[in-house]
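The residues making up each chain are set out below.
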2 protein chains.
Amino acid sequence: MLKEERQQRILQILNDEHKVIASDLSKRLFVSEDTIRRDLKELDAQGLLKRVHSGALRIGPPVVDFSTRQNIYNEVKIRLALKAVDFIKDNMVLLIDGGTTNLHLVNHLPLSLKATIITNSPPISMALSNHKNVEVIMIGGTLFKESLVNLGIDAVETLNTMRADLYIMGIYNIDARIGISVPSRSEALVKRKMASISTEVLALVTPDKLDTVSNHIVCPSDHLTYLITENVKPDVKALYANQGITVVD
Amino acid sequence: MLKEERQQRILQILNDEHKVIASDLSKRLFVSEDTIRRDLKELDAQGLLKRVHSGALRIGPPVVDFSTRQNIYNEVKIRLALKAVDFIKDNMVLLIDGGTTNLHLVNHLPLSLKATIITNSPPISMALSNHKNVEVIMIGGTLFKESLVNLGIDAVETLNTMRADLYIMGIYNIDARIGISVPSRSEALVKRKMASISTEVLALVTPDKLDTVSNHIVCPSDHLTYLITENVKPDVKALYANQGITVVD
DNA sequence: CTCTATTATGCACGTTTCTGCCTCCTATAT
DNA sequence: ATATAGGAGGCAGAAACGTGCATAATAGAG
């Protein structure tokens, strides 16, 4: 068993049981207590659990989904996705672009959701194939393989004929002063168009993306309606809130 | 075995098994551990997996290959797909619609293929994301969840502005006299349009589909250029051959 | 098709990581 | 306070890694 696997396993157990005991984990995972202690120490350093005498405690609330938590790097994204689900109501027209965070979001939408979802991301589209009451409209274009979204003139032109209540934007980089930016120009164009045809814009932002910039500007950050993130410092939060954005932490 | 093929294989294994171990891959793929390590390093740099000590972890959730779900004709479909690969040459513009047989075909295309591939099927599109020399153009529309293809007026209108050298058509039903038919009207419309903008039309037909009919006619069977099947009786074969179709058995 | 330039591969060898064991130290409970 | 379980740090063997280099395979030019 790989070390990373074991640590994920520990996090899973912690998610279910709220606390773990080192000696107990040692038996369940068939490694020495020393190894468990080292694991707990590392996970604590990453802020994924709280180390205590004889074991460790869970930090946040339990994550509901079980299967998609195979990767500890996805945990933050899943928590953000779950927060975003609250903003999605029946009978909305949603616009969702690509990215792993958005994929998590879609995977956590209730199967009973009744909505129209427009997307330029094949994985998102496929993930919705089990939602009987969701009409999925796929925006065509040239497949951008790095992020598995359809881009280009076809995409922009199709979007010109549409509108949406809420655009769920995947974020590469965001800075309160410089705005929202992405590494590729064609992606910037499509995101800008998507934002422009939507009444509200919601962004899911992992903390590492805050206050970062890349080459192509999508729009100023005040185009956002909601900014969903976590562990954001009060001063940074104020920066966005002052722009009229509802910051969800 | 080519390096790209091997790396593709690694990603497939990773998709199925969620983790891979370098020493294990070395045995399964018959190359040295050094080579595997180099592969994993490259794939990690591309963000396609997470490298860890002694192996690697999958990054996202597994991509469901809906072709593998309870389908007794899988072996047949793969054989047909392999025959069809021979008809695909570099620099072609291909039009590929959905269906499990076509997905098999795409999964067996050489990674070195240089082509433009137009498709209205998200799974086909995603399956091509590792083909660096293939430009994938996705036809948008309303997702038809039964067969995971985009249909409707948007799809037809986009297709109106395109053309292709070869259309690889998935077949639900075909009859030498009545023609090619499908169970849904919107799918019939899109297939008909696809056939009309393509110089040649190739159909992959499992034997159970021969001489069957359903409600919506796509086109007469003589619109086909190539019919790829197997175990077809000589008289049936003649029936199609007399229509000018190249029957591959 | 052939030849050459480039890339990929395997092996050897020195380095790093992981793990369990050991020792000594620290926290907790009675 | 003292007994006892838990923890930190060091050490060593094994496994995994990375690098340089020679050879093999592949791709590209002619």
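Every value quoted in this text rests on a predicted model; they were computed, and no experiment measured them.

Peer 1: So what about the overall build of chain A? Which residues, and what values?
Peer 2: Summing up its helical and strand segments, chain A has nine helices and 15 strands in all. The long-range share in chain A, meaning contacts at least 24 apart out of those at least 6 apart in sequence, stands at 57%.

Peer 1: Could you give an account of the protein's contact with DNA strand C, naming the residues involved and the relevant values?
Peer 2: In the region of DNA strand C, 13 residues are neighbours, and S32 and T35 of chain A together with V31, S32 and T35 of chain B sit closest. When contributions to the surface near DNA strand C are tallied by element, the ones reaching two or more residues are α3 (33-45) of chain A together with α3 (33-45) of chain B. Per element, the largest residue contribution to the surface near DNA strand C is three residues, and it comes from α3 of chain A.

Peer 1: Explain the pairing of strand β12 (residues 198-204) of chain A residue by residue, including any values.
Peer 2: Residue and element names in this part refer to chain A. Counting buried positions along β12 yields five of seven residues, so the element is predominantly enclosed. Of the pairings in the sheet, the one linking strand β9 (residues 164-170) to β12 comprises six bridges and is parallel in character. From the neighbouring strand, G170 faces β12, where its bridge partner is L204. By the bridge criterion, three bridges tie β12 to strand β14 (residues 226-228) in an arrangement that is parallel. Within β14, the position partnered with A203 by the bridge is L227.

Peer 1: Please provide a residue-by-residue account of the protein's contact with DNA strand D, values included.
Peer 2: Close to DNA strand D lie 15 residues; A22 and S54 of chain A together with A22, S23 and S54 of chain B are nearest. Put simply, the parts of the chain that give the surface near DNA strand D at least two residues each are α2 (22-29) and α3 of chain A together with α2 (22-29) and α3 of chain B.

Peer 1: Outline the environment of G170 of chain B, listing residues and values.
Peer 2: All names here are of chain B. Looking at the element boundaries, G170 is found in strand β9 (residues 164-170). Placed 32 residues apart in sequence, G170 and L202 show a C-alpha to C-alpha distance of 8.8 Å. Residues within four places of G170 in sequence aside, it is in contact with D97, G98, G99, T101, N102 and L204.

Peer 1: Account for the environment of Q7 of chain B, with residues named and values stated.
Peer 2: All names here are of chain B. With respect to the helices and strands, the residue Q7 is situated in helix α1 (residues 3-17). Taking the C-beta count within 10 Å as the criterion, Q7 has 22 such neighbours and is therefore assigned buried. Setting aside anything within four residues of it in sequence, one finds Q7 in contact with D39, E42 and L43.

Peer 1: I'd love a proper account of the sheet that holds strand β1 (residues 19-21) of chain A, names of residues and values included.
Peer 2: Residues and elements named next belong to chain A. Ordered in space as β1-β3-β2, the three strands form an open sheet in which the pairing is antiparallel. Edge positions in the sheet fall to β1 and β2 (50-52), since each of these pairs with one other strand and no more. Here the strands of the sheet are splayed against their neighbours by 20 degrees on average, with no regard to which way each runs. Sheet contacts for α2: β1 and β3 (55-57); angle to β1, the most-contacted strand, approximately 75 degrees. Across the face of the sheet, α3 comes into contact with β2 and β3 while running at roughly 140 degrees to β2.

Peer 1: Tell me what's going on with the packing of α1 of chain B against α3 of chain B, and back it up with residues and numbers.
Peer 2: Pairs of packed helices are described in terms of their axes, by the angle between the two and the distance that separates them. Residues and elements named next belong to chain B. Look at α1 against α3: their axes get within 10 Å of each other, and the N-to-C directions meet at 75 degrees. Between α1 and α3, the angle is such that the two are roughly perpendicular. Contact residues: α1 offers R6, Q7, I10 and L11, while α3 offers D39, E42 and L43. Considering only residue class, the contact of α1 with α3 consists of three nonpolar, one polar and three charged.

Peer 1: Could you give an account of unusual backbone geometry, with specific residues and numbers?
Peer 2: Where the residue is not glycine, phi is negative for most of them; where a peptide bond is considered, it is trans in most cases. Residue and element names in this part refer to chain A. You will see that N91, though not glycine, has its phi angle at about 70 degrees, which is positive. Tracing the backbone through its elements, the reader meets N91 in the loop between α4 (75-85) and β4 (93-96). By the C-beta count within 10 Å, which is 10 here, N91 ends up exposed.

Peer 1: Describe the interface of chain B and chain A, with residues and values.
Peer 2: Taken together, the contacts link 30 residues of chain B with 29 residues of chain A. Broken down by class, the residue content of the side of chain B that touches chain A amounts to 13 nonpolar, 12 polar and five charged. Where strand β7 (residues 141-144) of chain A lies against strand β6 (residues 134-138) of chain B, two bridges are found, and the strand directions are antiparallel. Residue pairing across strands places G141 of chain A opposite M138 of chain B, the latter belonging to β6 of chain B.

Peer 1: Give me the sheet that holds strand β7 (residues 141-144) of chain B: which residues, what numbers.
Peer 2: With respect to topology, nine strands assemble into an open sheet ordered β15(A)-β14(A)-β12(A)-β9(A)-β4(A)-β5(A)-β6(A)-β7(B)-β8(B), the strand pairing being mixed. Unpaired on one side and paired on the other, β15 (246-248) of chain A together with β8 (149-151) of chain B mark the two borders of the sheet. Strand-to-strand, the axes of this sheet are offset by a mean angle of 25 degrees, without reference to chain direction.

Peer 1: Please provide a residue-by-residue account of the environment of D44 of chain A, values included.
Peer 2: Here D44 of chain A is to be found in helix α3. Those residues within four positions of D44 of chain A in sequence are excluded, and the remaining contacts are L49, K50, R51 and A56 of chain A.

Peer 1: Describe helix α7 (residues 153-160) of chain B, listing the residues and the values that go with them.
Peer 2: Among all positions of α7 of chain B, only D154, A155, T158 and L159 of chain B are buried. Buried residues of α7 of chain B, viewed axially, fall in a sector of 130 degrees; they line one side. Turned more than 90 degrees away from the buried face of α7 of chain B sit I153 and N160 of chain B, all of them exposed. Here the buried face of α7 of chain B lies against α7 (153-160) of chain A together with β7, β8 and α8 (185-196) of chain B.

Peer 1: Could you give an account of the confidence of the model for chain A, with specific residues and numbers?
Peer 2: Detailed reading of predicted coordinates is not advised where the pLDDT is low. All names here are of chain A. Residues with a pLDDT of 70 or more make up 93% of chain A, whose mean pLDDT is 87. Counting contacts from residues 64-73, a segment whose pLDDT is below 50, to residues more than four positions away or on other chains yields 21 contacts. With a pTM of 0.68, the predicted complex shows an ipTM of 0.62.

Quick notes on the rules
Residues numbered from 1 in each chain as written. Chains lettered and ligands numbered in written order. Predicted model: local features only at pLDDT ≥ 70, side-chain atom pairs only at ≥ 80, totals over all residues. Helix = DSSP H or I, 4+ residues; strand = E, 2+ residues; numbered from the N terminus. Contact = placed C-beta atoms within 7 Å. Near = placed C-beta within 6 Å. Buried ≥ 20, exposed ≤ 12 C-beta atoms within 10 Å, placed from the backbone. Pairing = 2+ DSSP bridges. Axes fitted to C-alpha atoms, helices over the stretch in contact; angles between N-to-C directions. Parallel < 35°, antiparallel > 145°, perpendicular 65-115°, else oblique. Nonpolar A, V, L, I, M, F, W, Y, C, P; charged D, E, K, R; others polar. Arc of directions from axis to C-beta. pLDDT = per-residue confidence, 0-100.

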